Amino acid sequence: MMANHTVMFRTMTLEDLDDVMEVEHASFTLPWSREAFYNELVNNQYAVYLVIEDRGRVVGYGGQWIILDEGHITNIALLPAYRGYGLGEELMIRMMTTAKSMGVKRMTLEVRVTNLGAQKLYRKMGFQEGGIRKNYYTDNMEDALVMWVELW
């Protein structure tokens, strides 16, 4: 499926929100609202969002908050048809590189304890387990695994 595709990575804009919402709804049982993404882009001075674009369409995105020397990955998602081709890993690399260029020394994220595929990717990127947030996900009260990585 990806053989004839050339994807590009760039900063998310307000014009991307329709496509981002499609990715969001295809990826999460508790999707963020359009308003939440709008507020991240317009009102959150700490937010840095990247998208993956394929032939003019956003097919994935990742967001993080940069606060002093720490980065917190808020979300990362790809349309199902684009998973399994290394794009999530490339997006993570770009997010980590961006954070490091902004002075971030360590990054964190939460991931569902049952999301073993994502955990595998994060471990590959150097993230290590840092703890559990009990009942973090309100749709099913699932715990979140907190993971950290040192960038310096």
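Computed from a prediction, not measured in an experiment: that's the story for all the values here.

Asker: Would you mind showing me how to read the sheet that holds strand E1 (residues 7–11) here?
Answerer: Strands belonging to one sheet form pairs held by backbone hydrogen bonds; the direction of such a pair is parallel or antiparallel. Reading across from one edge, E1-E2-E3-E4-E5-E7-E6 is the order of the 7 strands in this open sheet, with mixed pairing throughout. Looking along the sheet, the strands with just one partner apiece sit at the ends: E1 and strand E6 (128–137). For this sheet, the mean angle separating the axes of adjacent strands, direction not counted, is 25 degrees. Sheet strands in contact with helix H1 (residues 17–27) are strand E2 (47–54), strand E3 (57–67) and strand E4 (70–78), and its direction is about 85 degrees off that of E3.

Asker: Looking at this model, I keep getting lost on the nonpolar core. Mind explaining?
Answerer: Note on soluble globular proteins: their nonpolar side chains tend to be buried together. Formed by 41 residues in total, the largest nonpolar core has its most connected members in Tyr61, Met92, Met96, Met107, Leu109, Tyr122 and Phe127. The set of elements that each furnish at least two residues to this core consists of H1, E2, E3, E4, helix H3 (87–101), strand E5 (106–112), helix H4 (116–124) and strand E7 (142–150).

Asker: So what exactly am I meant to see when it comes to the pairing of E3 here?
Answerer: Consecutive side chains of a regular strand alternate in pointing toward one face of the sheet and then the other. Most of E3 sits out of view: 8 of its 11 residues are buried. Where E2 lies against E3, 8 bridges are found, and the strand directions are antiparallel. Residue pairing for E3: valine 48 is matched across the bridge by glutamine 64. A loop of 2 residues connects E2 with E3, the two strands running antiparallel in sequence, and arginine 55 in this loop sits at a positive phi of about 50 degrees.

Asker: Got a minute to help me understand the packing of aromatic side chains in this structure?
Answerer: Aromatic ring pairs are described here by two measures, namely the spacing of the ring centres and the angle between the planes. The final tally for this structure, using the stated rule, is 5 aromatic pairs. Here the aromatic rings of tyrosine 136 and tyrosine 137 are separated by 5.0 Å at their centres, their planes lie at 85 degrees, and the arrangement is edge-to-face. You can call tyrosine 136 partly exposed: its relative accessible area is 36%. One Lys or Arg, lysine 100, reaches over the ring of tryptophan 152 and ends 5.1 Å from the middle of that ring. Lying over the aromatic face of tryptophan 148, arginine 106 brings its terminal NZ or CZ to 3.9 Å of the ring centre.

Conventions adopted
- Residues numbered from 1 in each chain as written.
- Predicted model: local features only at pLDDT ≥ 70, side-chain atom pairs only at ≥ 80, totals over all residues.
- Heavy atoms only, no water.
- Pairing = 2+ DSSP bridges.
- Helix = DSSP H or I, 4+ residues; strand = E, 2+ residues; numbered from the N terminus.
- Axes fitted to C-alpha atoms, helices over the stretch in contact; angles between N-to-C directions.
- Contact = heavy atoms within 4.5 Å.
- Core = buried A, V, L, I, M, F, W, Y, C linked by side-chain atoms within 4.5 Å.
- Buried < 20%, exposed > 50% of the residue type's maximum accessible area, 1.4 Å probe, protein only.
- Phe/Tyr/Trp six-rings, centres within 6.5 Å; stacked < 30°, edge-to-face > 60°.
- Lys NZ or Arg CZ within 6 Å of the ring centre and 35° of its normal.

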